Amino acid sequence: MNQRMKRGASLLMAGILAVGLVPSAFAAQDGQTTPTLEKIAGYSTGYSDQEGGVAEIVAYNQDNQKFYLVNGREKKLDIVSLAGLTGNERVLDAYCGIGTIGIIAASKAKEVIGVELNADAVRDAVQNAKCNDVKNIRFYCNDATEFMMQMAASGDTVDVVLMDPPRAGSTEAFIKAVSAVKAKSVIYVSCGPDTLARDLGVFKKMGYQAEGAWPVDMFPQTGHVETVVGLHRKDM
């Protein structure tokens with residue numbers, strides 16, 4: 001293990017310990033039927049584990065200006081299952097990009113709201129929902145923090161927040177906005193263990209408890225690791 005990998009692992013464990021997770025809650029997930037993404041000439045196919053079988057998700061990414069993870073076949077963690085959706089929840093997919101996670105979640109939620117600042121990505125997300133005949137998802141071109149604060153100001157709430165921020169991580173203002181819309185659960189997909197550790201500390205201050213963390217090595221032989229963390233608001 002090189003020094004960058006050691007530093008990343010140390011920072012990730014520091015964040016986990018900061019929010020009260022025990023090592024037994026920290027486990028890689030292998031051999032499970034979970035959503036995966038495979039880029040094919042500008043399109044992607046994803047698979048969502050559903051009752052009675054596996055549903056195919058077609059996702060369109062028009063150009064290279066929108067961020068889209070490579071090596072997606074290795075992303076074997078069922079993000080949607082971690083949210084514990086029962087079909088009655090209102091879900092907000094922040095940093096939603098071209099909408100793939102939110103579209104998969106829509107099959108198990110009452111309503112999904114996708115928020116993304118990149119207008120081109122939002123247009124692709126709308127197209128993706130149409131291609132997959134998903135009717136209970138809406139997309140908004142807006143800053144996710146401002147959007148949630150506007151929701152909170154009008155007395156609006158959500159049950160679950162899905163967040164997949166860039167390597168720089170989230171912000172304290174965003175995390176406060178998550179609390180303001182009274183989200184009971186948060187699924188945080190991180191591509192930077194140092195910023196994840198920092199953000200988990202802020203979530204803890206806002207009353208959220210991390211219940212599990214799962215590393216996903218999507219870029220072998222590098223110092224980078226994807227980590228998915230499930231959080232729950234302790235007073236709800």
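Keep in mind that this is a model prediction, so the values were computed, not measured.

Engineer: Which residues make up the overall build of the protein chain, and what values go with them?
Structural biologist: Across its full length, the protein chain carries seven helices and ten strands. Counting every position in the protein chain, which comprises 236 residues, the buried fraction comes to 50%. Residue pairs at least 24 apart in sequence account for 69% of intrachain contacts in the protein chain once pairs closer than 6 positions are excluded. On the protein chain, roughly 11300 Å² of surface is accessible, and the fraction owed to carbon and sulfur atoms is 52%.

Engineer: So what's going on with the pattern of salt bridges? Residues and values would help.
Structural biologist: Summed over the entire model, instances satisfying the criterion amount to nine salt bridges. Between D156 and R90 there is a salt bridge, with the nearest N and O atoms lying 2.6 Å from each other. Note that D156 is positioned in the loop between α5 (144-153) and β7 (160-163) and R90 in strand β4 (residues 90-94), a separation of 66 residues in sequence. On the basis of relative accessibility, which here comes to 29%, the residue D156 falls in the partly exposed class. Where D199 meets R198, a salt bridge forms, and the shortest distance between an N and an O atom there is 3.0 Å. Note on R198: relative accessible area 42%, which makes it partly exposed. A single salt-bridge network, built from bridges that share partners, covers R90, E111, R138 and D156.

Engineer: How would you explain the nonpolar core if you had to name every residue and give the values?
Structural biologist: Ranked by size, the top nonpolar core spans 28 residues in total, and within it L92, V161, V178, F203 and L231 carry the most contacts. If sequence neighbours within four positions are ignored, V161 has contacts with L92, M148, V178, A183, S185, V186 and I187.

Engineer: Can you explain the sheet that holds β4? Please cite residues and give values.
Structural biologist: Pairing in this open sheet of seven strands is mixed, and the strands run β6-β5-β4-β7-β8-β10-β9 from one edge to the other. Lying at the two open borders of the sheet, with one neighbouring strand each, are β6 (137-141) and β9 (208-216). This sheet shows a mean twist of 15 degrees between the axes of neighbouring strands, independent of strand direction. When β7 meets strand β8 (residues 185-190), the two strands line up parallel, connected through four bridges. In the sheet register, V160 faces β8, and the bridge partner there is S185.

Engineer: Give me the environment of V80: which residues, what numbers.
Structural biologist: Inspection of the secondary structure assignment puts V80 in helix α2 (residues 79-82). The class of V80 is buried, set by a relative accessible area of 5%. When residues no more than four places from it in sequence are discounted, the contact partners of V80 are L85, I101, I104, A105 and K108.

Engineer: Talk me through the confidence of the model for the protein chain; I want residue IDs and the actual numbers.
Structural biologist: For the protein chain, per-residue confidence averages 76 on the pLDDT scale, and 67% of positions sit at 70 or higher. Looking at the elements of the protein chain, mean pLDDT is at its lowest for strand β1 (residues 37-40), recorded as 30, and at its highest for helix α6 (residues 172-180), recorded as 98. Every residue in residues 64-68 is under pLDDT 50, and counting partners more than four places away or in other chains gives 15 contacts. In the model, residues 70-77 has pLDDT below 50 throughout and makes 33 contacts with residues more than four positions away in sequence or in other chains.

Engineer: Tell me about the environment of D120, and please be specific about residues and values.
Structural biologist: When you line up the elements, D120 lands in helix α4 (residues 119-131). For the pair formed by D120 and C141, sequence separation is 21 residues and the distance between their alpha carbons is 9.2 Å.

Engineer: Can you break down the pairing of β7 residue by residue, with the values?
Structural biologist: Burial along β7 is two-sided: the residues V160 and L162 and V161 and M163 are all buried. Bridge analysis of β4 against β7 gives four bridges, and the strand direction is parallel. Paired with V91 across the bridge in β7 is V160. Crossover handedness for the path β7 to α6 to β8: right-handed.

Conventions used here
Residues numbered from 1 in each chain as written. Predicted model: local features only at pLDDT ≥ 70, side-chain atom pairs only at ≥ 80, totals over all residues. Heavy atoms only, no water. Helix = DSSP H or I, 4+ residues; strand = E, 2+ residues; numbered from the N terminus. Buried < 20%, exposed > 50% of the residue type's maximum accessible area, 1.4 Å probe, protein only. Contact = heavy atoms within 4.5 Å. Areas by Shrake-Rupley, 256 points an atom, 1.4 Å probe, with all protein chains shown as cover. Salt bridge = Lys/Arg side-chain N within 4 Å of Asp/Glu carboxyl O. Core = buried A, V, L, I, M, F, W, Y, C linked by side-chain atoms within 4.5 Å. Pairing = 2+ DSSP bridges. Axes fitted to C-alpha atoms, helices over the stretch in contact; angles between N-to-C directions. pLDDT = per-residue confidence, 0-100. Right-handed = clockwise from strand over helix to strand, strands pointing away.

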